[in-house]
Amino acid sequence: MAWIILEKVSFVTQRGVLKDIAYTIQNYYKNEWQFEVCKYKNKIFLRRIDQPQGFENDWHKKNSYWGIKFEDFVINLDPEINASYMMLSGTFGSGTKMLYTAEVDAIDETTGERIEVKSASENSMKNNVPKAWIQSFLGGIDTLLYGMKDQGGIIRKLLPRMALSNVSDPDPYISKYLTESDKNAMFGLLEEVLEWVKKKLPEEDRVWSCIMAGRGAMILNYGDRATDLSRIGLEKSLIEQEQWKIILQRD
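Everything numeric in this text was worked out from a predicted model, so none of it was measured.

### Digging into the pattern of salt bridges
Alright, step 1. Evaluation of the coordinates by the stated rule reveals 9 salt bridges.
Alright, step 2. Here Asp 20 makes a salt bridge to Arg 48, at a shortest N to O gap of 3.1 Å. With Asp 20 in helix α1 (residues 15–23) and Arg 48 in strand β3 (residues 43–48), this residue pair connects regions lying 28 residues apart in the sequence.
Alright, step 3. Overall, Asp 20 belongs to the buried group, its relative accessible area being 16%.
Alright, step 4. Here Lys 118 ties to Glu 116 by a salt bridge, and the two come within 3.5 Å at their closest N and O atoms.

As C-alpha cells, then:
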C-alpha cells in the first residue's frame, strides 16, 4: 500500500462510522450509535462499536437474515456479477483527507458498475433510501438494486436499477425520498461532527468512546470518568431551514 500518502490523512476509519453519523439527520427512529476514537501520531482513528450480542430483537434478526439471503441470491444468480470486495476511499467533503474501508456487494463485469443490493418493504423506503444512499455514496457505488419484500420477507418484485453517479440527473425514485438539500445536510452534519471530534479529542494516546444516545446529546468520554468533556445538541428545523444546527455546550 505504498501509494497511500499517510502524512496527508487526518482520519482513518470505516464507512459504517461515517454512515451512522451522517444518517442521524434522516433517521426517523434516532437509533443510538457509538464509535471508539483515538488520536495517535497526529491522526484520528475511529472504529465502529458493534452492538452486544442479544441486542437485536426478532424483527431485526429476521430483516438482517432476509437481506443477506436476497443479496446472496442476486449475486449468485446473475453470471455477470462477481462477489463482494473491499475498497479504500480518500478525500471527503471539503477536502478533508481520510482513509476508510468500504465493502461493495458486487460489480457488473459487463458495465463495470459497482452495485449495492438492498431489500425493503414499501412502507420502509422513506427511512431506508436515505441510509442506502449515503452508504452507497461513501463507498463509490454506481447503482442501487432494490428488492421489494412483503411482511413475510418474500421478495415480490425488483425495482429498476437506480443510478447514483449522475449528479445532474438524479434517479427519480431516490429523489422521491431524498432531496439535494437532504444530501447536503447529511454531509454538513458529518463534516461538523468530525471537526468537533478533531477539536475536542485530547492529545492523549488512549481510546475514547463517542456516543450518540438516541435523541439525546453526543458525548465523548473515557473509561469511568463521570464528567463529559462536551455535548453536541442536534436540532433539526424543517420549517426555517432544511439543515441541522449543531449547538456546542460545556458542562
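There is more to say after this.
### Concerning the packing of α1 against helix α5 (residues 180–200)
Alright, step 1. For the pair α1 and α5, interaxial distance at closest approach is 8 Å and the crossing angle is 115°. α1 and α5 meet at a crossing whose hand is right-handed. The segment α1 lies against α5, with Leu 18, Ile 21, Ala 22 and Tyr 23 engaging Met 186, Leu 189, Leu 190, Val 193 and Leu 194.
Alright, step 2. Here the residues of the contact of α1 with α5 are counted per class, giving 9 nonpolar, no polar and no charged.

### Quick word on the nonpolar core
Alright, step 1. Grouped together as the largest cluster of nonpolar side chains are 45 residues, with contacts concentrated most on Phe 35 and Tyr 146.
Alright, step 2. Leave out the neighbours within four places in its chain, and Phe 35 touches Val 17, Ile 21, Leu 46, Arg 47, Arg 48, Ile 49, Val 197, Trp 208, Ser 209 and Cys 210.
Alright, step 3. Val 74, Ile 75, Val 117 and Leu 145 belong to the second largest nonpolar core, which has 7 residues in total.

### Concerning unusual backbone geometry
Alright, step 1. Phi is positive for Lys 41, which is not a glycine, with a value near 50°.
Alright, step 2. The topology assignment puts Lys 41 in the loop between β2 (33–40) and β3.
Alright, step 3. We note that Asn 42 has phi near 70°; this positive angle belongs to a residue other than glycine.

### Details of the environment of Lys 30
Alright, step 1. One can find Lys 30 in the loop between α1 and β2.
Alright, step 2. With relative accessibility at 18%, the residue Lys 30 sits in the buried group.
Alright, step 3. Taking the C-alpha atoms as reference points, Lys 30 and Met 212, separated by 182 residues in sequence, lie 9.1 Å from one another.

Cut-off values and rules
- Along each chain, the written sequence defines residue order, and numbers are assigned to residues from 1.
- This being a predicted model, a pLDDT of at least 70 is required before a residue's local features are given, and a value of 80 or more before pairs of side-chain atoms are given or counted; all residues contribute to the totals for chains, interfaces and linings.
- Hydrogens and waters are ignored; side-chain quantities use all the structure's heavy atoms.
- Here, a salt bridge means any Lys or Arg side-chain nitrogen found within 4 Å of an Asp or Glu carboxyl oxygen.
- Starting at the N terminus, helices and strands are each numbered in turn, a helix being any DSSP run of H or I of at least four residues and a strand any DSSP run of E of at least two.
- Remark: exposure states derive from per-residue accessible area (1.4 Å probe, protein chains only) relative to the maximum for the residue type, with buried under 20%, exposed over 50%, and partly exposed in between.
- Simply put, an axis is a line fit to the C-alpha atoms, just over the touching stretch for a helix, and the angle between two N-to-C directions goes from 0 to 180 degrees.
- Crossing chirality is assigned from the near helix's rotation relative to the far helix, an anticlockwise turn below a right angle marking it left-handed and a clockwise turn marking it right-handed.
- A contact between two residues is defined here by any heavy atoms of the two lying within 4.5 Å.
- Each residue receives one of three labels: charged for Asp, Glu, Lys and Arg, nonpolar for Ala, Val, Leu, Ile, Met, Phe, Trp, Tyr, Cys and Pro, and polar for the others, Gly being one of them.
- Among buried residues, the Ala, Val, Leu, Ile, Met, Phe, Trp, Tyr and Cys ones that are joined through side-chain atoms within 4.5 Å form a nonpolar core.

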